[in-house]
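# Structure at a glance
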2 protein chains.
Amino acid sequence: MIDNILWQPTLIDIEQAALRIAPYIHQTPLMRSTLIDQLAGCRLTFKCENLQKTGAFKVRGACNAVLKLSAQQAARGVATHSSGNHGAALALAARNRGIPAYIVVPSSAPVVKKRAIIGYGGEIIDCEPTLVARLETLEQTLTRTGAQFVPPYDHADIISGQGTAALELHRQLAANSADTLITPVGGGGLLAGTAIASKSLRPQCRVFGAEPAAADDAYRSFYSGQRITEHTVNSIADGLLTTLGVANFSIIQQSVDSILRVEEQQIIDAMKLIASRLKLVVEPSAAVPLAAVLAHKSLFAGSHVAIILSGGNVDLEQLPW
Amino acid sequence: MIDNILWQPTLIDIEQAALRIAPYIHQTPLMRSTLIDQLAGCRLTFKCENLQKTGAFKVRGACNAVLKLSAQQAARGVATHSSGNHGAALALAARNRGIPAYIVVPSSAPVVKKRAIIGYGGEIIDCEPTLVARLETLEQTLTRTGAQFVPPYDHADIISGQGTAALELHRQLAANSADTLITPVGGGGLLAGTAIASKSLRPQCRVFGAEPAAADDAYRSFYSGQRITEHTVNSIADGLLTTLGVANFSIIQQSVDSILRVEEQQIIDAMKLIASRLKLVVEPSAAVPLAAVLAHKSLFAGSHVAIILSGGNVDLEQLPW
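Criteria and cut-off values
Residues numbered from 1 in each chain as written. Chains lettered and ligands numbered in written order. Predicted model: local features only at pLDDT ≥ 70, side-chain atom pairs only at ≥ 80, totals over all residues. Helix = DSSP H or I, 4+ residues; strand = E, 2+ residues; numbered from the N terminus. Rg over C-alpha atoms; globule rule 2.2 N^0.38 Å. Buried ≥ 20, exposed ≤ 12 C-beta atoms within 10 Å, placed from the backbone. Contact = placed C-beta atoms within 7 Å. Least-squares fit on C-alpha atoms with pLDDT ≥ 70 in both. Pairing = 2+ DSSP bridges. Axes fitted to C-alpha atoms, helices over the stretch in contact; angles between N-to-C directions. Parallel < 35°, antiparallel > 145°, perpendicular 65-115°, else oblique. Nonpolar A, V, L, I, M, F, W, Y, C, P; charged D, E, K, R; others polar. Core = buried A, V, L, I, M, F, W, Y, C linked by C-beta atoms within 7 Å. Domains from an automatic or database assignment. Expected span 1.5 Å × (residues − 1).

### Overview of the overall build of chain A
- A count of helices and strands for chain A gives 13 helices and 10 strands.
- The globule rule puts the C-alpha radius of gyration for 321 residues at 20 Å, and the 18 Å found for chain A is close to it.
- Referenced to the eigenvectors of the C-alpha coordinate spread, the extents of chain A come out at roughly 55 × 40 × 40 Å.
- The burial tally for chain A puts 56% of its 321 residues in the buried class.
- If you take every contact in chain A between residues at least 6 apart in sequence, the share linking residues at least 24 apart comes to 75%.

Here is the structure:
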């Protein structure tokens with residue numbers, strides 16, 4: 001799958017991905033809160049990917065990538081490295097196709113994440129908690145098993161799959177359309193897919209990425225024009241600590257309006273607001289877009305802003321407040 | 001409103017209540033979880049009244065009671081005593097009709113509850129945290145304002161309103177019907193309304209109430225045939241600490257199959273399971289029915305059990321784990 005890494009998907013790819021993955025995913029609901037609208041000074045619609053299978057949008061990209069493999073490619077299974085939602089998503093996508101999934105997981109990963117991967121039928125390959133060890137262990141696993149590598153974000157098939165969330169959102173809103181979309185940005189798969197879908201369907205629609213100021217490689221890459229690959233991160237938004245992907249950065253540079261940054265306390269406050277008003281459990285990463293709206297109100301005054309609540313996998317024993 | 005306290009509503013009253021309150025409430029969604037089904041050994045459908053306006057089913061009964069008042073009765077507003085969801089529900093129901101709501105609130109009530117009542121336009125009347133003080137202050141308030149008393153559960157119009165949740169649930173399930181319904185039981189408004197709706201629509205459908213063992217007046221009343229009015233309670237399920245109402249007890253005796261009791265730790269575990277798998281914030285009271293299913297599996301093996309998630313108003317700073 002590595003060879004076509006820089007091939008950029010279009011709306012047609014996203015539409016085909018949506019048809020391909022439809023039997024395996026939920027059409028997630030939209031939710032609203034009058035009180036949050038009042039606080040934000042705009043109309044907000046929340047797309048509940050925290051209610052998606054595996055508790056995160058990641059299953060969209062993983063299913064699309066796995067279903068696009070030829071029978072020959074798929075025969076010996078798939079593999080990836082992940083300490084988070086992509087591992088569980090790939091395990092489920094592989095199980096749906098009846099093939100094995102090998103997930104390289106750093107020994108430092110939370111037990112709850114490992115349990116989710118095993119629960120969806122994935123096989124865990126332990127490794128030391130360093131990037132070098134992850135890549136080496138993945139390489140060994142690919143050689144040993146003959147499995148196909150399915151990367152977490154830096155690939156056209158993943159980007160197309162993640163873009164189906166925005167496609168579905170625009171279709172659900174129909175005439176009641178949003179003029180602004182915001183997603184969190186980590187590796188950039190969700191943001192890139194959202195930008196392609198939105199700018200193709202509704203060229204006037206603004207698309208923003210939101211990230212923690214404590215992990216702002218997307219912001220710095222976007223405004224410097226240079227993809228930042230080395231950065232230190234320390235945010236509670238554990239889904240957004242990865243470096244922006246190559247294909248993802250290219251799409252984001254072309255199609256995204258801006259990247260907004262938020263402080264850690266703003267993320268916690270947004271997470272609590274979502275819990276208290278929408279009654280939804282979201283992970284810190286998923287609260288980052290709402291935090292960005294509340295921190296940059298003038299950008300959104302009077303708009304209809306749609307937010308993708310990216311996931312709901314949070315350790316209830318370690319809530320950040 | 002006190003005069004017809006013992007009049008028992010029928011399915012027709014519930015159907016009329018549903019039409020009456022429809023413009024003012026949400027049709028709440030149903031949710032499912034394959035993993036929770038596996039744990040429980042039965043098929044579970046959750047009716048999400050935690051996503052109802054004011055975050056609880058209570059707004060159904062309050063709206064029905066307020067809308068049934070004549071123009072003359074309504075003119076001087078409504079009043080009640082409440083430290084919980086009924087206060088906020090009555091405030092919103094009154095605002096919808098454009099009349100004042102006076103809510104007698106014990107000084108010990110959480111700030112978050114008072115804020116909700118004020119947020120919906122209610123006027124708070126403080127009182128000492130004893131039952132005598134509550135009733136005396138309410139009496140004074142009724143005399144001073146000329147407002148109508150809208151009780152929290154012990155009234156046919158409240159019971160009819162709460163019964164609309166089950167009516168809506170049966171209609172949403174349609175041919176995919178549940179053979180068992182479970183609700184929490186505190187004052188008994190939700191359980192009585194659910195029993196009337198369910199036994200009228202589907203006589204074979206079993207209806208259970210679920211309550212904390214640490215506040216088991218409904219259980220003891222049900223099995224002794226005597227309504228227990230004095231009991232000490234100490235449960236995290238703060239919505240279920242009230243004594244069973246008179247009309248409610250009568251209906252429950254006639255139409256409910258059994259009352260199930262659960263331990264405090266089982267309530268906490270069920271609350272966490274709902275948060276981790278359904279990604280929903282529920283208050284402890286709302287987790288009691290799932291706790292009952294998991295604690296009494298043999299009663300439900302192979303059944304299709306529908307649970308009313310009664311509310312989602314929990315203090316996020318004081319989660320019980």
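From this point, the discussion proceeds with the structure in view.
### A closer look at unusual backbone geometry
- Positioned with a positive phi, Lys279 of chain A is a non-glycine residue whose angle comes to about 60°.
- If you trace the backbone, Lys279 of chain A turns up in the loop between α12 (264-278) and α13 (284-295).
- Backbone geometry at Thr54 of chain B places phi at a positive 65°, although glycine is not the residue there.
- Structurally, Thr54 of chain B is set in the loop between β2 (43-48) and α3 (58-68).
- Given 26 C-beta atoms within 10 Å, Thr54 of chain B falls into the buried group.

### A few points about the relation of the copies chain A and chain B
- Taken as rigid bodies, chain A and chain B are interconverted by a rotation of 180° and an axial shift of 0.0 Å, the fit giving an RMSD of 0.0 Å. Here the copies are linked by what is in effect a two-fold axis. Among all residues of chain A, the minimum C-alpha distance to the rotation axis is found for Leu280 of chain A, at 2.4 Å.
- Same-surface contact between copies: 100% of interface residues of chain A are shared with the interface of chain B.

### A word on the environment of Ile274 of chain A
Residues and elements named next belong to chain A.
- Positionally, Ile274 belongs in helix α12.
- Residue classification places Ile274 among the buried positions, given that 26 C-beta atoms sit within 10 Å.
- Remark: the alpha-carbon pair of Ile274 and Thr80, spanning 194 residues in sequence, is separated by 32 Å.

### Here we look at the sheet that holds strand β1 (residues 30-31) of chain B
Residue and element names in this part refer to chain B.
- Sheet architecture is open: 6 strands sit in the order β1-β2-β10-β7-β8-β9, paired in mixed fashion. Only two strands of the sheet have a single partner each, and these edge strands are β1 and β9 (258-262).
- Sheet topology places β1 next to β2; 2 bridges connect them, and they run antiparallel. When the bridges of β2 are listed, Leu30 appears paired with Lys47.
- Strands β7 (180-184), β8 (206-212) and β10 (304-309) of the sheet are contacted by helix α9 (residues 189-201), whose axis makes an angle of about 165° with β7.
- Along the sheet, helix α13 (residues 284-295) makes contact with β2, β7, β8, β9 and β10, crossing β7 at roughly 135°.

### Thoughts on the packing of helix α1 (residues 11-21) of chain A against helix α8 (residues 156-173) of chain A
All names here are of chain A.
- Packing of α1 against α8 leaves a shortest axis separation of 8 Å and a crossing angle of 90°. Taken together, α1 and α8 sit at an angle that is classed as roughly perpendicular. Here α1 contributes Asp13, Ile14, Glu15, Ala17, Ala18 and Ile21 to the contact with α8, which in turn contributes Ser160, Gly161, Gly163, Thr164, Leu167 and Glu168.
- Counted by class, the contact of α1 with α8 contains 5 nonpolar, 4 polar and 3 charged residues.

### A short note on the packing of helix α12 (residues 264-278) of chain B against α13 of chain B
Residues and elements named next belong to chain B.
- Relative orientation of the contacting elements α12 and α13 amounts to 100°, with a least axis distance of 7 Å. Comparing their axes, α13 and α12 come out roughly perpendicular. Seen from α12, the contacting residues are Gln266, Ile267, Asp269, Ala270, Met271, Leu273 and Ile274; seen from α13, they are Pro284, Ala287, Val288, Leu290, Ala291, Leu294 and Ala295.
- Looking at the contact of α12 with α13 residue by residue, the class counts come to 12 nonpolar, 1 polar and 1 charged.

### Quick look at the sheet that holds strand β2 (residues 43-48) of chain A
All names here are of chain A.
- Spatially, 6 strands are ordered β1-β2-β10-β7-β8-β9 in an open sheet, and the strand pairing comes out mixed. Each edge of the open sheet is held by one strand with a lone partner, namely β1 (30-31) and β9 (258-262).
- Relative to β9, strand β8 (residues 206-212) runs parallel, the two being bridged by 5 bridges. The partner of Ala210 across the bridge, within β9, is Leu260.

### Quick word on the nonpolar core
- By size, the foremost hydrophobic cluster in this structure holds 200 residues, and its most contacted members are Leu90, Ile274 and Ala287 of chain A together with Leu90, Ile274 and Ala287 of chain B.
- Not counting residues within four places of it along the chain, the set of residues in contact with Ile274 of chain A comprises Leu280, Val282, Ala287 and Leu290 of chain A.

### Concerning the domain arrangement of chain A
Residue and element names in this part refer to chain A.
- Once the domains are mapped, chain A shows domain 1 (2-57 + 155-318) and domain 2 (59-149).
- On a C-alpha basis, the centroid separation for the pair domain 1 and domain 2 is 23 Å.
- The partner domain 2 presents 18 residues to the 25 residues of domain 1 that form the contact.
- Among the secondary structure elements, those contributing two or more residues to the side of domain 1 that touches domain 2 are α1 and α8.
- The element that contributes the greatest number of residues to the side of domain 1 that touches domain 2 is α8, accounting for 7 residues.
- Across the side of domain 1 that touches domain 2, the residue classes break down as 9 nonpolar, 11 polar and 5 charged.

### As for helix α10 (residues 217-224) of chain B
Residues and elements named next belong to chain B.
- The set of residues buried in α10 consists of Asp217, Ala218, Tyr219, Ser221 and Phe222.
- Buried-residue contacts for α10 involve β8, α11 (246-255) and β9.
- Immediately downstream of α10, the backbone of Gly225 shows phi near 75°, a positive value.

### Some points on helix α5 (residues 85-97) of chain B
Residues and elements named next belong to chain B.
- With 13 residues, α5 extends 19 Å between its outermost C-alpha atoms, agreeing within 8% with the 18 Å of an ideal straight helix rising 1.5 Å per residue.
- Most of α5 sits inside the fold, with 11 of its 13 residues counted as buried.
- Taken as a whole, α5 has its buried residues at Asn85, His86, Gly87, Ala88, Ala89, Leu90, Ala91, Leu92, Ala93, Ala94 and Asn96.
- Backbone geometry just after α5 places Gly98 at a positive phi near 75°.

### Comments concerning the environment of Gln265 of chain A
Residue and element names in this part refer to chain A.
- Of note, Gln265 is situated in helix α12.
- Classification of Gln265 by C-beta neighbours within 10 Å gives exposed; the count is 12.
- Sequence separation between Gln265 and Ala94 is 171 residues; the distance between their C-alpha atoms is 38 Å.

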